[in-house]
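Architecture and fold: a report
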Amino acid sequence: MIRPAGLGEQLRRSLAVARKDIRIYYVKGPVVIFGLLIPLFLFLAFSLGNRFASVPFLISGLLAMTVFFTATAVSPVIFPWETQARTLERLAAAPITVPALVFGDVLASFLFGALIALVPVGIGVALGVTITSPAALLAGILLAALCFASLGVLLAVPPARAPQNIMMLSSLIKFPLIFISGIFIPVESLPAWGRVLAAASPLTYFTDIARAAMGEANAYPVALDLAVLAAFSLLFLGAAMLLHARTLSKRL
Amino acid sequence: MSKAIEVHDLRKAYNGRTAVDGISFDVHSGEVFGFLGPNGAGKTTTVRMLTGIIAPDSGSIAILGHDIVQEPVRGKQAIGVVPETANAYDDLTAWQNLMLMADLYGLRRPAARRPAADLLEELGLADRRDQKVAGFSKGMRQRLILAMALLHDPQLLFLDEPTSGLDVQSTHLMLEILGERSRAGTTIFLTTHNMDEANRLCDRVGIIRAGRIAAIDSPERLKQAINRMFMIEVGFDRPVEAPVFAGLPGIDRVSKHGDTWRLETADTDAAIASVVAAARSSGARILSLSTLSPTLDEVYLRLTGGDA
């Protein structure tokens, strides 16, 4: 006899949602465009303009951007897509809680964010970058993918029916974060107000971990970076679960 | 008789506009309950509340003994839903859509494969099992959605306008399956605009108007409840003129419809006797004679404010 409302059973249903998302949404264009091409172009533009920057500095920035853009590429638009395609009501009628539904969407984005990290890390290794702290890097990638995936689903909370409205909103939030998170200019080189802004961005802490793991100078202790990333993850995930439970019925 | 659905004083408003205004009703286990009403009367809002998709502002709903507001997952687990506006996933195949439902309803894959294959067969989709839904016609999509709702063998099935806009073949197939499920003991809550469908399938119907229940009863009792004249339709083997019926006992009004006559009467017995006598005296033979009772359409129109 199954206990449909039990945690284990709801987790199993989250996995079903994640599988569905991966099958449907992660083969669509935005993952490739936002996850790989945009970071790559930003990386090329930045590295051409900063010929004195070291390879590990550039690769750590590319890694941070790639994980960030991939994990937030699709997650903000799944709910609006499902509203528009009229599949959301079918999900809403199924015996799955809104937190489990949200967790399934986060899980799919997390997996893609974490897996895509292999590309920039592979490029770095091919270019001679040494990973000095693989465990810290792995923990950082996993936490960052979870954090950014949760942020992406949180951005979908406004009950907009048109995916492009949420795309616009998420771009307004995502692009400024790139410039205040120490990717192009190290946090320690920023003015005081810039350091305050950087401290408010979760991307800063992942960039910092990547720098440390590739033997570059970094701004904060890695343990602190990991703790702050974990805190942001919990905050974004909790807020996404709570707020989607309030707005889901407004989409139908 | 146990109750599959118990609704008490249910209310829902959107932006100050009342959609459902304190409705109460029960649906008995094993019955087919039709829920009828004009557009905007509150049907879909009611179904969405009963299926746990939206929360009511007040009132209570028990679905198979579970409070759908307090225990939404347990309530939803026991029911199957064919929502009015829902779709299957276009980018998944019919089989993948069914397996997604199996996972969402907690069916283990090995146990789900057999009923999924049987349902596809039953609904005429077996040869489309591995094709993406994007290429399906409306009828095929709706049949797939029905299969998705039936996969976990629910005790209670909600269908919101399941045959709206479907071709004859799909409609016939779906109604046949609903009939089979009903005979096997599944309780069915059917929202429809199609009076013929409601008349044929439903044990009882509830009619909602402006957010309130206007009537609940069996289709036959509702028809009888309408206080109106009865009609007799009669056909003869030769042309008969209107004056033949003039002044006959029990006949109040006469009108010609094609090659038959419709006689309005308050006393069916007297009218039939008069017609038989009139036929004999005029030398005509009666080829057909039938009494026309009020249709469910007329009941519906009368109760929802239209003119019967």
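Residues numbered from 1 in each chain as written. Chains lettered and ligands numbered in written order. Predicted model: local features only at pLDDT ≥ 70, side-chain atom pairs only at ≥ 80, totals over all residues.

This next bit is on the overall build of chain A. A count of helices and strands for chain A gives 12 helices and 0 strands. Reading the helices (α) and strands (β) of chain A from amino to carboxyl end gives α-α-α-α-α-α-α-α-α-α-α-α. Each principal axis of the C-alpha distribution contributes one length, and for chain A these read about 60 × 35 × 35 Å. Looking at chain A as a whole, 53% of its 252 residues are labelled buried. (Helix = DSSP H or I, 4+ residues; strand = E, 2+ residues; numbered from the N terminus. Buried ≥ 20, exposed ≤ 12 C-beta atoms within 10 Å, placed from the backbone.)

A count of helices and strands for chain B gives 10 helices and 14 strands. Judged by the C-alpha coordinates and their principal axes, chain B covers about 75 × 45 × 35 Å. In chain B, which comprises 308 residues, the share counted as buried stands at 42%. A sequence separation of at least 24 residues applies to 69% of the contacts in chain B between residues at least 6 apart. (Contact = placed C-beta atoms within 7 Å.)

The next subject is the environment of Ser170(B). Residue and element names in this part refer to chain B. Along the chain, Ser170 turns up in helix α6 (residues 168-183). Between the alpha carbons of Ser170 and Ala242 there is a distance of 45 Å; along the sequence they are 72 residues apart. With residues near it in sequence (within four places) discarded, Ser170 still touches Gly139, Gln142 and Arg143.

Moving on, we get to the sheet that holds strand β8 (residues 187-191) of chain B. Residues and elements named next belong to chain B. Taken in spatial order, the 6 strands of this open sheet run β6-β7-β8-β3-β9-β10, and their pairing is mixed. The open sheet has two free edges, formed respectively by β6 (79-82) and β10 (212-217), since each of these has just one partner strand. Sheet twist, expressed as the average angle between the axes of neighbouring strands with direction ignored, equals 15°. Where strand β3 (residues 32-36) and β8 come together, 4 bridges link them in parallel fashion. Across the sheet, Gly34 pairs through a bridge with Leu190, a residue of β8. (Pairing = 2+ DSSP bridges. Axes fitted to C-alpha atoms, helices over the stretch in contact; angles between N-to-C directions.)

To continue, consider the domain arrangement of chain B. You can read the domains of chain B as domain 1 (3-224) and domain 2 (226-294). Placing the centre of domain 1 of chain B and that of domain 2 of chain B at their C-alpha centroids yields a distance of 44 Å. (Domains from an automatic or database assignment.)

A few words on the nonpolar core. Val67(A), Ala145(A), Ala147(B) and Leu151(B) are the most contacted members of the largest nonpolar core, which totals 161 residues. The biggest single contributor to this core is helix α8 (residues 134-155) of chain A, with 13 residues. Apart from residues no more than four positions distant in its own chain, Ala147(B) is found in contact with Leu98(B), Leu119(B), Leu120(B) and Leu123(B). Val234(B), Ile251(B), Ala271(B) and Val275(B) belong to the second-largest nonpolar core, a separate cluster that totals 7 residues. (Core = buried A, V, L, I, M, F, W, Y, C linked by C-beta atoms within 7 Å.)

On to unusual backbone geometry, then. Glycine aside, negative phi is the norm for most residues, and most peptide bonds take the trans geometry. Of note, the phi angle at Asp9(B) is positive, near 50°, even though the residue is not glycine. For Asp9(B), a count of 12 C-beta atoms within 10 Å gives the class exposed.

Another aspect to go through is the interface of chain A and chain B. Contacts between the two partners involve 22 residues from chain A, matched on the other side by 23 residues from chain B. Elements supplying a minimum of two residues to the side of chain A that touches chain B: α1 (7-24) and α5 (88-93) of chain A. Each residue belonging to the side of chain A that touches chain B can be placed in one class, and the counts come to 12 nonpolar, 3 polar and 7 charged. (Nonpolar A, V, L, I, M, F, W, Y, C, P; charged D, E, K, R; others polar.)

Residues and elements named next belong to chain B. Taken together, 4 strands build an open sheet; the order of strands is β12-β13-β11-β14 and the sheet is antiparallel. Each end of this open sheet is capped by a strand with a single partner; those strands are β12 (253-257) and β14 (286-292). Here the average twist between neighbouring strands, direction ignored, is 20°. Here 5 bridges tie β12 to strand β13 (residues 260-265), and the two strands are oriented antiparallel to one another. Counted as the bridge partner of His257 is Thr260 from β13.

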